[in-house]
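# Survey of secondary and tertiary structure
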Amino acid sequence: MRLSLKTLLVRAKQVLERNDMGTFTKPAPSLYPHQWSWDSAFIAIGLASYNPLRAAKELRHLFGAQWRDGRVPHIVFSPQAEAGSYLPGPEWWGIDRNRSFAREATSGICQPPVHALAALRIWRAAQRTGNEAAAAAIRILYPRLFAWHRYLATCRDPDDTGLVTIYHPWESGMDNSPRWDTSLASISVDPELPHYDRPDLRHVSDQEERPDKADYDRYLSLVRSLRRAGYDDKHIQSQHPFQMQDVLFTAVTVAANGALAELARALNAPDEHQVALRQWGERGRTGLLSRWDPQCGLALDQDVMSNTPISARTVAGFAPLIATNMPHGIIDAQIRRLDSDWFCAAPDLRWPLPPSTSPSESTYSARRYWRGPIWPVANWLIWEGLRSANRLQRAEQIRQHSLEQINAGGFAEYFEPHSGQPLGSQQQSWTAAVAIDWLHAAFPQSA
Ligand code: 2M8
């Protein structure tokens, strides 16, 4: 039975409440028991519309674990989580606590910087409602956000290409995407990799929904390589086997630089901050243009190790649309590609929404994680891109179809594109959060 949109909104908020750990929100009840970086940013976007102070608290906890060099770790481990409930735990990362401001242990890699988009929404909500405490929290957070963006613009782009280099598929957020297949295949498994058990496989109904063992052997080997390099960017860049210029990470960074520049203006931040944020944004756009493939109508990642482009057709290819302020011709070409039979018009889709990997790819797998299923957060990024390019009608279709999918299948982590079956973890926080943001437009006054 379909819920009314008002009831769906109430249910979405209940998911966030259920996963609320007080100072942060778990991405899901059991599969992900700690704080994840970009999940928390999406969660804060959802919370901003009805509880900006709690939204600010979500970011405050994450940035409380920021490293001294500015990087924001992709996981802040929760002491409340059951030991061994997530792999790899802190013992795999072995981070020296002096590197970060955190009391908790952290991982040593990052995720796309959605945070400034969330901070700007919280700020606006605080201004609208006269919420002084939330506004003050954003004022305190701002220097941390700036340091995070500076880290990405410098340490992760040593040659000033405008593209962010990632060191692990987990940094992309699209862990087992076919984008990484060629590079991962060339990586040898660490011969000293200890035996490990996969708690994630206990939390999904079917192992086919998660990455396979060959992927995990390599993910963990890469963690050991980063640890050996002491998480030092220069050292990593001189010898670590996985280095990718990631177009989606770059696009989020460009959009986030724009949001942070707006926040910097509102907060009267130093002029040089505003200049730097604008420059980083422009450089990012130039970087994305250099990765534009007009034949495909998509932007392609670049493998730094082999100096070759990655041709896999995935939602990450919509990076120019997500980045904001790109040339009209490119936006038009992206929308044509979005609506082609590679994505939204692929045969037999339950809803015309973009599968994470194009069904026309030989690597497409309708049920496996980032290799085919539809992810509401990816739709949200595309929706935001369409809105900022003033393609409001197309944006509205994405919003409505995404809400129909969630209404039929619940707040799942991802969905099978043809049947609409909910997959992965159920009660996934970021799915609820983007649904709240989408629904809030219809019921702005509901608290
Ligand atoms: C997934 O990634 C984690 C590793 O970071 C995992 O599979 O264990 C990805 O979907 C990632 O994008 C997301 O942030 C995380 C938590 O939802 O889960």
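Everything here concerns the structure above.
Residues numbered from 1 in each chain as written. Predicted model: local features only at pLDDT ≥ 70, side-chain atom pairs only at ≥ 80, totals over all residues. Heavy atoms only, no water.

## Thoughts on the nonpolar core
- The biggest cluster of nonpolar side chains holds 149 residues, and the ones touching the most others in it are Phe42, Ile122, Leu263, Leu288 and Trp380.
- For this core, the element with the most residues is helix α11 (residues 247-266), which contributes 13 residues.
- The contacts of Trp380, once residues within four sequence positions are left out, are Phe42, Ile45, Leu117, Arg121, Val434, Asp437 and Trp438. (Core = buried A, V, L, I, M, F, W, Y, C linked by side-chain atoms within 4.5 Å. Buried < 20%, exposed > 50% of the residue type's maximum accessible area, 1.4 Å probe, protein only. Helix = DSSP H or I, 4+ residues; strand = E, 2+ residues; numbered from the N terminus. Contact = heavy atoms within 4.5 Å.)

## Observations regarding the packing of helix α5 (residues 115-129) against helix α6 (residues 132-154)
- One way to put it is that α5 packs onto α6 with a least axis distance of 10 Å and a crossing angle of 160°. Taken together, the axes of α5 and α6 lie roughly antiparallel to each other. In this structure, the crossing between α5 and α6 has a hand that is left-handed. Residues His115, Ala116, Ala119, Ile122, Trp123, Ala126 and Gln127 of α5 form the contact with α6, whose own contacting residues are Ala134, Ala135, Ile138, Arg139, Leu145, Trp148 and His149.
- When grouped by side-chain class, the residues that make up the contact of α5 with α6 number 10 nonpolar, three polar and one charged. (Axes fitted to C-alpha atoms, helices over the stretch in contact; angles between N-to-C directions. Parallel < 35°, antiparallel > 145°, perpendicular 65-115°, else oblique. Left-handed = near helix turned anticlockwise from the far one by under 90°. Nonpolar A, V, L, I, M, F, W, Y, C, P; charged D, E, K, R; others polar.)

## Considering the layout of surface pockets
- In this model, the largest pocket occupies a volume close to 620 Å³.
- Surrounding the largest pocket, 28 residues form its lining, Leu117, Arg121, Arg124, Glu384 and Arg387 being those nearest its centre.
- Breaking the lining of the largest pocket down by element, the ones donating at least two residues are α2 (37-48), α5, α11, α15 (376-388) and α17 (429-440).
- Element by element, the count of residues in the lining of the largest pocket is highest for α15, at seven residues.
- Among the residues forming the lining of the largest pocket, the class breakdown is 13 nonpolar, seven polar and eight charged.
- Approximately 240 Å³ is the volume found for the second largest pocket.
- In terms of lining residues, the second largest pocket is bounded by 21 residues, among which His34, Gly84, Gly89, Pro90 and Glu91 are the most central.
- Here the lining of the second largest pocket is composed, by residue class, of 10 nonpolar, five polar and six charged. (1 Å grid on protein atoms, 1.4 Å probe; cavity = no way out; pocket = protein on both sides within 12 Å on 5 of 7 lines; lining within 4 Å. Points joined across faces, edges and corners; volume = space filled by probe spheres on them.)

## Thoughts on the site of the ligand
- In the region of the ligand, 18 residues are neighbours, and Asp39, Tyr86, Gly173, Asp175 and Tyr369 sit closest.
- In this structure, an oxygen atom belonging to the ligand sits 3.0 Å away from a side-chain N or O atom of Trp36.
- Within the side chain of Gln428, an N or O atom sits 3.3 Å from an oxygen atom of the ligand.
- Protein contact buries 100% of the 410 Å² of open area that the ligand shows by itself. (Near = heavy atom within 4 Å. Polar contact = N/O pair within 3.5 Å; in protein donor to acceptor, adjacent residues only side chain to side chain. Areas by Shrake-Rupley, 256 points an atom, 1.4 Å probe, with all protein chains shown as cover.)

## Some points on the packing of aromatic side chains
- Counting across every chain of the model gives 24 aromatic pairs.
- Look at Trp93 and Trp170: their rings are 6.5 Å apart centre to centre, the planes differ by 50°, and that puts the pair in the tilted class. In this pair, Trp93 sits in helix α4 (residues 90-93) while Trp170 sits in helix α7 (residues 169-172), placing the two residues 77 residues apart along the sequence.
- The class for Trp93 is buried, based on a relative accessible area of 0%.
- Looking at Trp170, the relative accessible area reads 3%, which means it is buried.
- Chaining the aromatic ring pairs together yields one cluster made of Trp38, Phe42, Tyr369, Trp370, Trp375, Trp380, Trp383, Tyr414, Trp430 and Trp438.
- The ring of Tyr167 carries Arg156 above its face, with NZ or CZ at 3.9 Å from the centroid.
- Here Arg387 stacks its cationic end above the ring of Trp383, 4.0 Å away from the centre of that ring. (Phe/Tyr/Trp six-rings, centres within 6.5 Å; stacked < 30°, edge-to-face > 60°. Lys NZ or Arg CZ within 6 Å of the ring centre and 35° of its normal.)

Function cannot be inferred from these measures alone, as they are strictly geometric.
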